[in-house]
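# Structural description and commentary
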Amino acid sequence: MHCPFCRYSDSRVIDSRTSDDGLSIRRRRQCPECGRRFSTTETASLSVIKRNGSVVPFSREKIVAGVRKACQGRPVTDGDLAILAQKVEESLRSTGASQLEANDIGLAILPELRELDEVAFLRFASVYQAFENLEDFEAAIAQLRVEDAARPEKG
Ligand SMILES: [Zn+2]
């Protein structure tokens, strides 16, 4: 981390604290060259291990793109998708893991998408969980009905 005052190419961390939302780390730094202090805010890196074994940076855009397909024709806005991707990222980061399996991301998307739109949820789940026949859909719908009935604010 360059010193913003003298551009010296190194700095010493004198204090670190995690932000309240857990998404970033604020560090107090001191330049060993000019002795001045400054702060930086760093976002913890999050990467995804793809099924083929390659590692790519986590991307909210990819979540939005994946979910958007399931939301075609549904009353879901780009704003809704952006909020969903943010919630998914927060939920993944809250686990404390810095590397995630592609599978973990699908699992984190499902409950958020279900809150947003049940039809989109079923479409996404059918691809993600590889539904093979009508019985798989019926089982998922039955599960939704049971869980909806247990929620007092609906119905
Ligand atoms: Zn300096």
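Residues numbered from 1 in each chain as written. Predicted model: local features only at pLDDT ≥ 70, side-chain atom pairs only at ≥ 80, totals over all residues. Heavy atoms only, no water.

### What to know about the sheet that holds strand β4 (residues 47-49)
On the basis of which strands lie adjacent, the open sheet formed by three strands has the order β5-β4-β6 and mixed pairing. Strand pairing shows two members of the sheet lacking a second neighbour, β5 (55-57) and β6 (99-101), which therefore form its edges. Between one strand axis and the next, the sheet turns through 35° on average, direction left out of account. Relative to β6, β4 runs parallel, the two sharing three bridges. By the bridge assignment, valine 48 is partnered in β6 with leucine 100. Against the sheet, helix α3 (residues 102-116) engages β4 and β6, with an angle of about 75° to β6. (Pairing = 2+ DSSP bridges. Helix = DSSP H or I, 4+ residues; strand = E, 2+ residues; numbered from the N terminus. Axes fitted to C-alpha atoms, helices over the stretch in contact; angles between N-to-C directions. Contact = heavy atoms within 4.5 Å.)

### Some words on the packing of helix α1 (residues 60-70) against helix α4 (residues 118-128)
Contact geometry of α1 with α4 gives a least axis separation of 8 Å together with a crossing angle of 110°. When the axes of α1 and α4 are compared, the pair comes out roughly perpendicular. Here α1 contributes Gly66, Val67 and Ala70 to the contact with α4, which in turn contributes Ala120, Arg123 and Phe124. Grouping the amino acids of the contact of α1 with α4 by side-chain chemistry returns four nonpolar, one polar and one charged. (Parallel < 35°, antiparallel > 145°, perpendicular 65-115°, else oblique. Nonpolar A, V, L, I, M, F, W, Y, C, P; charged D, E, K, R; others polar.)

### Overview of the coordination of the zinc ion
Bound to the zinc ion are the protein donor atoms Cys3 (SG), Cys6 (SG), Cys31 (SG) and Cys34 (SG), situated 2.3 to 2.4 Å from the metal. Between the four donor atoms coordinating the zinc ion, the angles at the centre fall across 106 to 117°, so the site counts as tetrahedral. Spacing between the donor residues of the zinc ion along the chain follows C-x2-C-x24-C-x2-C. Accessibility expressed as a relative area gives 2% for cysteine 31, which makes it buried. (Donors = N, O, S within 2.8 Å, 3.2 Å for Na, K, Ca; no water. Tetrahedral: all angles 85-135°; square planar, octahedral: opposite > 155°, others 65-115°. Buried < 20%, exposed > 50% of the residue type's maximum accessible area, 1.4 Å probe, protein only.)

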